[in-house]
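The residues making up each chain are set out below.
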Amino acid sequence: TALALANAAWLFSLGGAAGTALGLASFCLCLGSVAYLLYHRSFLDFSACLLSAVAHVLRAYPATLALAAAAAAAAMLYAVLWSAALAATAQLPRQAAASSLLLLSFFWTLQTIKAVVHATVAGTVASWYFLSPHVPPSPTKRALRRAVTTSFGSLCLGALLASSLQTTRVLSRVASRHAPCGAGVRSGCLC
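Residues numbered from 1 in each chain as written. Predicted model: local features only at pLDDT ≥ 70, side-chain atom pairs only at ≥ 80, totals over all residues. Heavy atoms only, no water.

Undergrad: Could you clarify how one ought to interpret the packing of helix α5 (residues 96-131) against helix α7 (residues 152-178) in this entry?
TA: When two helices pack together, their arrangement is given by the angle between the helix axes and the distance between those axes. The geometry of α5 relative to α7 is characterised by a closest axis approach of 7 Å and an angle of 135° between their N-to-C directions. By the angle between their axes, α5 is oblique relative to α7. Considering the relative orientation of α5 and α7, their crossing is right-handed. Contact residues: S100, L103, L104, F107, W108, Q111, T112, A115, V116 and A119 in α5; F152, L155, C156, A159, L160, A162, S163, S164, Q166, T167, V170 and L171 in α7. Partitioning the contact of α5 with α7 into residue classes produces 15 nonpolar, seven polar and no charged. (Axes fitted to C-alpha atoms, helices over the stretch in contact; angles between N-to-C directions. Helix = DSSP H or I, 4+ residues; strand = E, 2+ residues; numbered from the N terminus. Parallel < 35°, antiparallel > 145°, perpendicular 65-115°, else oblique. Left-handed = near helix turned anticlockwise from the far one by under 90°. Contact = heavy atoms within 4.5 Å. Nonpolar A, V, L, I, M, F, W, Y, C, P; charged D, E, K, R; others polar.)

Undergrad: Would you mind going over helix α2 (residues 16-39) with me for this structure?
TA: An α-helical turn contains 3.6 residues, so any two residues separated by three or four positions project in the same direction. With 24 residues, α2 should reach 34 Å at 1.5 Å per residue; the first-to-last C-alpha distance of 34 Å fits that figure. Listed in full, the buried residues belonging to α2 are G19, G23, S26 and C30. Its buried side turned inward, α2 meets α1 (2-14). (Expected span 1.5 Å × (residues − 1). Buried < 20%, exposed > 50% of the residue type's maximum accessible area, 1.4 Å probe, protein only.)

Pasting the structure below:
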């Protein structure tokens, strides 16, 4: 809010039609932010309570942060390996289908990693919420085990659906740039 107000003052000081119009727009955004905060003031206490609970869970079970860091490292390593595979595929004479499948595998792997982390953190928080104060030892480890065993098929299927949509979106954007009827191709694929 303060930044929008400072931006409005700076734009007004520039003068001219553009400075005045943009300054007025920034000032209106500032007023909108203030109105939103005032209208939703009752939710601020609830939000603070939620953030406090999250901080408590993270302090009690730091393995969730370690899991997130390990997942980020795995995703970065996979991105490097995937880039090497894409570079090798780009040398092939008819690489469009292979590149499309590589793109699907990239999105699918990243979505699966995200889903495993999400399910593990959700399992940890559920153990804390529902079983507190009798939480079993290492709930993050137990939740991770459930995520990569009994729930892994469901997580992979959901990741495949999401990655299929992502791949379709990317391929339609590429097709719309290279097709003579670009906008029609893109809008037809994204409906």
